[in-house]
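# Structural overview for review
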Number of protein chains: 2
Amino acid sequence: MAEAGGAGRWLADFHPGRRFESGPRGLTVEAVRAFAEAFDPQPFHLDAAAAEASFFGGLAASGWHTAALTMRLLTEAMPVAGGLIGAGGELVWPRPTRPGDALRLVATIESVRPSRSDPARGWIVVRSETLNQRDEPVQVMTARMTVPRRGPRQG
Amino acid sequence: MAEAGGAGRWLADFHPGRRFESGPRGLTVEAVRAFAEAFDPQPFHLDAAAAEASFFGGLAASGWHTAALTMRLLTEAMPVAGGLIGAGGELVWPRPTRPGDALRLVATIESVRPSRSDPARGWIVVRSETLNQRDEPVQVMTARMTVPRRGPRQG
């Protein structure tokens, strides 16, 4: 597990095609229910019997739980100097995350460019696939993140 | 607060331009830190002094915390029959959410169409703005959601 602090990468460390991978992280039914109670209190995230009869055909994690776990995996796989800071992105959930799944991340750099307005920073576009233990994608995201450029003081 | 169960809306209940609004929901510094510890353990989400020196210039909630709270507000403002089920979307965070902020949601239906593959369902596109107590957007999202069509048994 990596710290996302000063030990992270700078803009020059990224190039299109570079990949970052995390280890797997498991998801318990208790965690699925606790997240849902706080943020997405719908029957198919909370109650196994109600979930059976729902669109999902069984208990499923909130998509936002999958998204939040993906962020955790990204902080572990790809530390950036000054921290990982996203401006937004696009995401799809091709299939639900289920209690008991173990998720891992494969992130690929799509593009790298200096900022037009701030010479100390740049932008990267990262495509991240969050995979379950059968290597099926549960989330695919393309995110735009700001990354600092190495200055004279950082050598 | 509304239940997102069978009492919710069907595809025919949505039309472009229809708006849904939630009440405000406050965010404590403890909640910001707890979410960050679980999902986004970076100094600017956890530690006030480190946050002062960071890109954010002060403690900020994880963008994924803002996204998760937005889902909570959406379940309250816009219940759908069978539950709110998103397939994905695009989101941006124009400014950070801060501890002590109170967030509310304004959601507007952008489009409504039947599914091509499933006569029992359709798709809506929802644009949601998550606003802080100064009515400044902290998240703008366009999401695609699946909604059931009212069948003969539902009259």
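Here we summarise the structure given alongside this text. (Residues numbered from 1 in each chain as written. Chains lettered and ligands numbered in written order. Predicted model: local features only at pLDDT ≥ 70, side-chain atom pairs only at ≥ 80, totals over all residues. Heavy atoms only, no water.)

### Comments concerning the overall build of chain A
The helix and strand tally for chain A stands at four helices and six strands. Its helices and strands in sequence order give chain A the pattern β-β-α-α-α-α-β-β-β-β, from N to C terminus. Principal axes of the C-alpha set define a box for chain A whose edges measure 60 × 30 × 25 Å. The buried share of chain A, taken over its 155 residues, is 50%. Considering only contacts in chain A between residues 6 or more positions apart, those separated by 24 or more positions represent 70%. Summed over its atoms, the accessible surface of chain A is roughly 6,800 Å², and 51% of this surface lies on carbon and sulfur atoms. (Helix = DSSP H or I, 4+ residues; strand = E, 2+ residues; numbered from the N terminus. Buried < 20%, exposed > 50% of the residue type's maximum accessible area, 1.4 Å probe, protein only. Contact = heavy atoms within 4.5 Å. Areas by Shrake-Rupley, 256 points an atom, 1.4 Å probe, with all protein chains shown as cover.)

### Description of the packing of aromatic side chains
All names here are of chain A. According to the stated counting rule, one finds twelve aromatic pairs over all chains in the structure shown. An angle of 90° between the planes, with centres 5.0 Å apart, marks the rings of tryptophan 64 and tryptophan 93 as edge-to-face. One end of the pair, tryptophan 64, is in helix α4 (residues 63-77); the other, tryptophan 93, is in the loop between β3 (85-92) and β4 (102-114), and 29 residues separate them in sequence. Here arginine 144 stacks its cationic end above the ring of tryptophan 123, 4.2 Å away from the centre of that ring. (Phe/Tyr/Trp six-rings, centres within 6.5 Å; stacked < 30°, edge-to-face > 60°. Lys NZ or Arg CZ within 6 Å of the ring centre and 35° of its normal.)

### Structural notes on the pairing of strand β6 (residues 137-148) of chain A
Residue and element names in this part refer to chain A. Burial runs high along β6: nine of the twelve residues are buried. Judged from the seven bridges that link them, β3 and β6 form a sheet pairing that is antiparallel. Across the sheet, the residue bridging to valine 92 is valine 140, located in β6. Joining the antiparallel neighbours strand β5 (residues 121-131) and β6 is a turn of five residues, in which aspartate 135 adopts a positive phi near 60°. (Pairing = 2+ DSSP bridges.)

### Focus on the pattern of salt bridges
Residue and element names in this part refer to chain A. Under the defined criterion, the tally for this structure stands at 18 salt bridges over all chains. Here arginine 72 and glutamate 76 are joined by a salt bridge, their closest N and O atoms 3.1 Å apart. Taken together, the positions of arginine 72 and glutamate 76, both in helix α4 and four residues apart, correspond to about one turn of that helix. Glutamate 76 gets classed as buried once you look at its relative accessible area, which sits at 18%. (Salt bridge = Lys/Arg side-chain N within 4 Å of Asp/Glu carboxyl O.)

### Some remarks on α4 of chain A
If you check α4 of chain A, its first and last C-alpha atoms are 21 Å apart, about what 15 residues at 1.5 Å a residue would give, namely 21 Å. Most of α4 of chain A is tucked away: 15 of the 15 residues are buried. (Expected span 1.5 Å × (residues − 1).)

### Structural notes on the relation of the copies chain B and chain A
Each copy superposes on the other: chain B lies on chain A with an RMSD of 0.0 Å after a rotation of 180° and an axial shift of 0.0 Å. Each copy turns onto its partner about a two-fold axis. If distances are taken from each C-alpha of chain B to the rotation axis, the shortest is found for glutamate 90 of chain B, at 2.1 Å. Same-surface contact between copies: 100% of interface residues of chain B are shared with the interface of chain A. (Least-squares fit on C-alpha atoms with pLDDT ≥ 70 in both.)

### Thoughts on the packing of helix α1 (residues 29-39) of chain A against helix α4 (residues 63-77) of chain B
Interaxial distance between α1 of chain A and α4 of chain B falls to 8 Å at its minimum, and their mutual angle equals 70°. Put simply, α1 of chain A runs roughly perpendicular to α4 of chain B. Residues Phe35, Glu37, Ala38 and Phe39 of chain A of α1 of chain A form the contact with α4 of chain B, whose own contacting residues are His65, Ala68, Leu69, Met71 and Arg72 of chain B. Looking at side-chain class alone, the contact of α1 of chain A with α4 of chain B contains six nonpolar, one polar and two charged residues. (Axes fitted to C-alpha atoms, helices over the stretch in contact; angles between N-to-C directions. Parallel < 35°, antiparallel > 145°, perpendicular 65-115°, else oblique. Nonpolar A, V, L, I, M, F, W, Y, C, P; charged D, E, K, R; others polar.)

### Examining the nonpolar core
Membership of the largest hydrophobic core comes to 64 residues, with the highest contact counts inside it found for Trp64, Met78 and Ile124 of chain A together with Trp64, Met78 and Ile124 of chain B. For isoleucine 124 of chain A, the contacting residues outside a window of four places in its chain are Leu11, Phe14, Met78, Ile109, Ser111, Val112, Ala143, Arg144, Met145 and Val147 of chain A. (Core = buried A, V, L, I, M, F, W, Y, C linked by side-chain atoms within 4.5 Å.)

### Remarks on the environment of valine 92 of chain A
Relative to the helices and strands, valine 92 of chain A is located in strand β3. Counting along the chain gives 45 residues from valine 92 of chain A to proline 137 of chain A, while the straight-line C-alpha distance between them is 9.7 Å. Discounting chain neighbours no more than four positions away, the residues touching valine 92 of chain A are Val138, Gln139 and Val140 of chain A together with Ala87 and Gly88 of chain B.

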